[in-house]
Amino acid sequence: MSFVTGAAMRSLEEAAFRRGVSAESLMDRAGEGIARRLLDHFPQPGRAVAYIGKGNNGGDALVALRYLREAGWQIALKAAYPETEWGVLPRRKRRELVEELPNALPEGSGPLLLLDGLLGIGARGTLREPLARLAEEMAWLRDSHGAVVAAMDLPSGIDADSGEGRGVVADLTITVGVAKLGLSTPAGIASAGRILLVPLGDLPPPEGSALELFGPDAFPGLLSPRPHDFHKGDSGRIGLLAGSPGMTGAAVLAATAALRAGAGLVTLHVEPEFLPSLAAPMPPEVMVKVSPTPVTDAFSAGHDALVIGPGIANMSKTGQADLLARLAKPHPPAVLDADGLNFLATAGKTALLDSRHLITPHPGEFRRLAPDLAEKDRLAAAVAFVTRHPCTLLLKGARTLVAAPGEATRFNPTGHAGMASGGQGDVLSGVAGAFLAQGMKPCDAASLAAWLCGRAAERALAKGPVTTASDTLDELGGAMRDWQERRR
Ligand SMILES: NC(=O)C1=CN([C@@H]2O[C@H](COP(=O)(O)OP(=O)(O)OC[C@H]3O[C@@H](n4cnc5c(N)ncnc54)[C@H](O)[C@@H]3O)[C@@H](O)[C@H]2O)[C@@H](O)CC1
Ligand SMILES: [K+]
């Protein structure tokens, strides 16, 4: 699913109108789809307040409100203008709600959800009164009452193309038809929160987009159920070069993540002096192979994929030299993370990266690999990097990007700021390694790993606002189910 400008979205709508589709039927399906996404996220009924302007964006919120009420939610309406000033469709959608709606916060328990229907793609310039006052009220309820803001189509007041503009800051943005380009920019990312898409058959995304919103709707079948005669040889063997004294946790997290993502066999290769600290904390399912040359062993053991880098800062100099030499020769597909990438950068060997390599740098590691690209915007930098070095790049940051030669760059919508903590990258590299070992294309393995880790961290929000890497691990299985059920 691609990203489009506001003008391209209008063209898609107009093409649908020419085919005889009515604006009202689009709105009905948009509002219903938005409500379904919300009910997936909030299975327990709570309180929902729609904040609306006079345009069709408010119509989407009114339709969604009706479905929420049917699901047992208490509802209320805060309208910026008298009903006589609204557009035709929002007025009609208001009448379909029939009863008078309170304009005060509903009593009761459960989540307090604010549906931001002030402005959609019709927004021009800074949010003006009386909408600005309602946006401030939403921000106040979010900051001081734990309210969750769900933006209809895009956060009100931001520009659909650039994401610029001060307006509503949402926790989730449920975008209709095709995701708006402004949601993918740094400014848009800061306003949108989690992006969810309501695809509409009558608004098909244009072909050949440079940036795609990654998710189960766009990539069905990546995690199909296993056939009944599946055995562990089919699920992939991973060789892991990870961990060192003082950094054993990185190896444990990567190994456990690989197993939880379905790897059949995980073997950790270690030097004899690292064995005492690394063997003890490993889960019992992990094989530990000791040798004076763990790098050589890992590369020649017949593994289906390698995961290299989490916590290997203290690897011996001979080990590092061996690693760089091995990476330049034929070998199974490999995830390169953390110190694995730092060794490459320090040795000036970034040029050896090619299609066998899936690299997972955070912005600091990326800067070391390509200092000249660091000042470019993230999308341009990612594309320039894989054009220069034909590998798969998973670039972490506020919204992970996955770029690979010949592929549209993928934008991962899952995850949240509460997962900004050590160890999450180790989990990600283990999950990506498991999918590589199962024969998945590197850009699919990378995107799916990013989606699942982010989704797992979202599930962990039930425990509290901060998500540790162990919390993410605990929720990986549930995230895989969410993907298979295409509910998120
Ligand atoms: N057109 C369609 O067929 C569909 C539209 N849909 C929804 O409709 C939205 C677009 O609706 P509209 O075109 O009615 O536009 P909006 O609902 O985004 O708002 C337009 C109104 O906002 C006012 N306005 C613009 N900028 C303002 C600012 N900075 N401060 C205060 N007021 C401002 C305008 O004067 C106008 O009255 C989409 O984003 C989507 O949510 C969906 O229902 C799907 C179908
Ligand atoms: K909105």
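Residues numbered from 1 in each chain as written. Chains lettered and ligands numbered in written order. Predicted model: local features only at pLDDT ≥ 70, side-chain atom pairs only at ≥ 80, totals over all residues. Heavy atoms only, no water.

**Describing the packing of helix H15 (residues 442–460) against helix H17 (residues 476–485)**
Now for step 1: Two elements in contact, H15 and H17, have axes separated by 8 Å at closest approach and are oriented at 115°. Comparing the axis directions of H15 and H17 gives the class roughly perpendicular. Where H15 crosses over H17, the handedness of that crossing is right-handed. Together, Leu-448, Trp-451, Leu-452, Arg-455, Ala-456 and Arg-459 of H15 and Leu-476, Gly-478, Ala-479, Met-480, Asp-482 and Trp-483 of H17 make up the contact between the two elements. (Axes fitted to C-alpha atoms, helices over the stretch in contact; angles between N-to-C directions. Helix = DSSP H or I, 4+ residues; strand = E, 2+ residues; numbered from the N terminus. Parallel < 35°, antiparallel > 145°, perpendicular 65-115°, else oblique. Left-handed = near helix turned anticlockwise from the far one by under 90°. Contact = heavy atoms within 4.5 Å.)

**Section: the UniProt feature "domain: YjeF C-terminal" (unreviewed entry) in the protein**
Now for step 1: What UniProt calls "domain: YjeF C-terminal" (unreviewed entry) maps, in this numbering, to residues 215–483.
Now for step 2: Helix makes up 41% of residues 215–483 and strand 13%, with an end-to-end C-alpha separation of 8 Å. (UniProt positions renumbered as here; feature names shortened; annotations may be inferred.)

**As for helix H14 (residues 424–437)**
Now for step 1: With 14 residues, H14 extends 20 Å between its outermost C-alpha atoms, agreeing within 8% with the 20 Å of an ideal straight helix rising 1.5 Å per residue.
Now for step 2: Most of H14 is tucked away, with 13 of its 14 residues classed as buried.
Now for step 3: Phi turns positive one or two residues past the end of H14, at Gly-439, with a value near 90°. (Expected span 1.5 Å × (residues − 1). Buried < 20%, exposed > 50% of the residue type's maximum accessible area, 1.4 Å probe, protein only.)

**Some words on the coordination of the potassium ion (ligand 2)**
Now for step 1: The potassium ion (ligand 2) binds to the protein through Asn-57 (OD1), Asp-116 (O), Leu-119 (O), Met-152 (O), Leu-154 (O) and Ser-156 (OG), with metal-donor distances spanning 2.7 to 3.0 Å.
Now for step 2: Seen from the potassium ion (ligand 2), its six donor atoms lie at angles of 66 to 172°, and the figure they make is irregular.
Now for step 3: Between consecutive donor residues of the potassium ion (ligand 2), the sequence gaps follow N-x58-D-x2-L-x32-M-x1-L-x1-S. Here Asn-57, found in helix H3 (residues 56–70), pairs with Ser-156, found in the loop between strand E5 (148–152) and strand E6 (172–176); they are 99 residues apart in sequence, far enough to count as distant. (Donors = N, O, S within 2.8 Å, 3.2 Å for Na, K, Ca; no water. Tetrahedral: all angles 85-135°; square planar, octahedral: opposite > 155°, others 65-115°.)

**A word on the environment of Asp-482**
Now for step 1: Among the structural elements, Asp-482 can be located in helix H17.
Now for step 2: On the accessibility criterion, Asp-482 (5% relative accessible area) is buried.
Now for step 3: Along the chain, Asp-482 and Glu-107 lie 375 residues apart, while their C-alpha atoms are 32 Å from each other.

**Overview of the site of ligand 1**
Now for step 1: Surveying the vicinity of ligand 1 reveals 23 residues, the closest of which are Asn-56, Asn-57, Asp-60, Gly-120 and Asp-153.
Now for step 2: Residue Glu-13 places a side-chain N or O atom 3.1 Å away from a nitrogen atom belonging to ligand 1.
Now for step 3: For ligand 1, a nitrogen atom lies 2.9 Å from a polar atom in the backbone of Thr-126.
Now for step 4: Its free accessible area being 870 Å², ligand 1 has 85% of it covered by the protein chains.
Now for step 5: When contributions to the shell around ligand 1 are tallied by element, the ones reaching two or more residues are helix H1 (6–18), helix H2 (23–41) and H3. (Near = heavy atom within 4 Å. Polar contact = N/O pair within 3.5 Å; in protein donor to acceptor, adjacent residues only side chain to side chain. Areas by Shrake-Rupley, 256 points an atom, 1.4 Å probe, with all protein chains shown as cover.)

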